[in-house]
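The chain contents come next:
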Amino acid sequence: MSDTEKLFLWNCWYVAAWDHELLDGKKLARTILEKPVVVFQGESGKYIALDDRCCHRGAPLSMGRVEQDCIRCMYHGMKFDSDGICVQIPGQDRIPKTMRVRSYPIEERDHLIWIWMGDPALADPDLIIDYEPLGDPGWRGLPAYLHYDANWLLIVDNLSDFAHLAFVHTNTLGGSEEYAYTTKPVEIERLENGFRVERWHMNADSPPFHKKVIADKDAKIDRRNIGHMQVPGIFFLESLFAPAGTGAEKGNLDGVRQYRNCQYMTPETRRSTHFFWNYLHNFDLENPNVAISLKDSLFEGFYEDKEIIEAQQVLLDNDPGFRLRALEADVALAHFRNVLKTKIKQETADIDRQRPAAVG
Ligand code: FES
Ligand SMILES: [Fe+2]
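Residues numbered from 1 in each chain as written. Chains lettered and ligands numbered in written order. Predicted model: local features only at pLDDT ≥ 70, side-chain atom pairs only at ≥ 80, totals over all residues.

1. Some words on the sheet that holds strand β6 (residues 70-72)
We count it as follows: A pair of strands counts as paired when DSSP detects no fewer than two bridges linking them. In DSSP terms, a helix is any run of H or I states spanning at least four residues, a strand is any run of E spanning at least two, and both are numbered starting from the N terminus.
A sheet is described by the order of its strands in space; here four strands give the open sequence β5-β6-β7-β8, paired in antiparallel fashion. The sheet is open, and its two borders are formed by β5 (65-67) and β8 (86-88), each paired with just one other strand. In this structure, β6 lies alongside strand β7 (residues 79-80), joined through two bridges in antiparallel fashion. Bridging from a neighbouring strand, R72 pairs with K79 of β7.

Structure, rendered in structure tokens:
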């Protein structure tokens, strides 16, 4: 394996797009794990992902034309089917077997388009990590996307760390600096595939994004966040806001409002990331403005993250020898980085073992 290949975990599903990004025959050019890919929906409704580089002279297929479930390169007209095999060369009857581009396994689940960048033989759709609230009418939200000029692990670090809410998001998602001083994770569960962390904040003010969508803005709340991070960079956050002192921590859910948030970090390159999310709520479902307000608030919050993370990436680029240090609060993110590193190492060893056999 090349050093570049060793930067990423290949044999797993990544989110490539929201399905709405492919509406009306759009051919989406998206680089994933440093490979240019074109993603589109064929006329039969089938989702297709191919290398976004024609095997003839390297023109982007995303500038091509969809014909049934094929795409025609609009440089010299070669046509490729959904498996990436060339099925027509204008003015030439013989089609050499080498005239093909790589196709990638692709699956749609609850409006997410998942892609498998590794060995297609291992692409088991059952390995896709579903997020039930996305397909449950009891939850309402809006899909969103943001591009980061930063390595995806810096975003994973950021999401693993609730302490930054207080400082980066004082006026948006966090609510106050007090959050950092008075709350501690109740427990961090180290999982084989990531971690789970729970954090309570009792008798607090509602954070600004929550105040915007409720009437009782000044009532004190007990707030619980449960974060669950999974390889390769999939984060689910359950948030609960209960009227203060009503015993939500003992299981009383009267008057509780909840959110479910999924976030997906897909490496574009080693220093840029596709970030997809949906922040869903389970109250006032008949009012579409709640989802719009939440989406706007989350954008506001994520722009705050983006600003500091992208600045961090520039400094790290300038001094590759700089060693990141850990605080006690970084247990979760340190565990996640270890899990991912081990998986990449294992995968690299497996692939290196198989390659000589395949060639020989
Ligand atoms: S570059 Fe695609 S057909 Fe020539
Ligand atoms: Fe943040």
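2. Concerning the pairing of strand β2 (residues 28-32)
In this structure, β2 lies alongside strand β3 (residues 35-41), joined through five bridges in antiparallel fashion. When the bridges of β3 are listed, R30 appears paired with V37. Where β2 folds back on β3, the antiparallel hairpin that results is connected by two residues, among which L33 adopts a positive phi of roughly 50°.

3. So, the nonpolar core
What counts is decided by this rule: Put simply, a nonpolar core is buried Ala, Val, Leu, Ile, Met, Phe, Trp, Tyr and Cys residues tied into one set by C-beta atoms within 7 Å. Three exposure classes are used. Buried residues have 20 or more other C-beta atoms within 10 Å of their own C-beta, exposed residues have 12 or fewer, and partly exposed residues fall in between, all C-beta atoms being placed from the backbone. Note: domain ranges come from an automatic or database domain assignment. The contact rule is simple: place each C-beta atom from the backbone, and if two of them lie within 7 Å, those residues are in contact.
If you look at the biggest cluster of nonpolar residues, it comprises 74 residues, and the most contacted ones within it are A16, I115 and I155. The leading source of residues in this core is helix α1 (residues 152-159), at six residues. When we break this core down by domain, the ones giving at least three residues each are domain 1 (12-127) and domain 2 (137-343). If near-sequence neighbours (up to four positions away) are discounted, I155 is found in contact with Y148, A150, M265, T273, F275 and I309.

4. Regarding the domain arrangement of the chain
Convention followed: Under the convention adopted here, Pro, Cys and the residues Ala, Val, Leu, Ile, Met, Phe, Trp and Tyr are nonpolar, Asp, Glu, Lys and Arg are charged, and Gly plus all remaining residues are polar.
The domain architecture assigned to the chain consists of domain 1 (12-127) and domain 2 (137-343). One C-alpha centre belongs to domain 1, the other to domain 2, and the line joining them spans 33 Å. Counting residues at the interface gives 11 residues for domain 1, matched by 10 residues for domain 2. Among the elements of the structure, β1 (13-18) and β2 are those that each provide at least two residues to the side of domain 1 that touches domain 2. Among the elements that make up the side of domain 1 that touches domain 2, the one with the highest residue count is β1 (four residues). Of the residues assigned to the side of domain 1 that touches domain 2, the class counts are seven nonpolar, three polar and one charged.

5. Side note on the sheet that holds β1
What counts here: Axis definition: a line fit to C-alpha positions, over the contact stretch in the case of helices; interaxial angles, taken between N-to-C directions, run 0 to 180 degrees.
Strand order in the open sheet formed by three strands is β1-β10-β9, with antiparallel pairing between adjacent strands. In this open sheet, the two strands that pair with only one neighbour each are β1 and β9 (106-109). The sheet shows a mean angle of 35° between the axes of neighbouring strands, taken without regard to direction. For β1 and strand β10 (residues 112-116), the ladder comprises five bridges, and the chain directions are antiparallel. Of the residues in β10, the one forming a bridge with V15 is W114.

6. Remarks on the packing of α1 against helix α6 (residues 288-318)
Going by this rule: Every angle not falling under 35 degrees, over 145, or within 65 to 115 is termed oblique; those three ranges are roughly parallel, roughly antiparallel and roughly perpendicular. Take the far helix as the reference: if the near one is turned anticlockwise from it by less than a right angle, the crossing is left-handed, and if turned clockwise, right-handed.
Axis separation between α1 and α6 bottoms out at 10 Å; the angle between their running directions is 130°. Classified by the angle between their axes, α1 and α6 sit oblique to one another. Remark: the crossing between α1 and α6 carries right-handed chirality. Residues L154, I155 and N158 of α1 pack against D305, I309, Q312 and Q313 of α6. Of the residues that constitute the contact of α1 with α6, the class distribution is three nonpolar, three polar and one charged.

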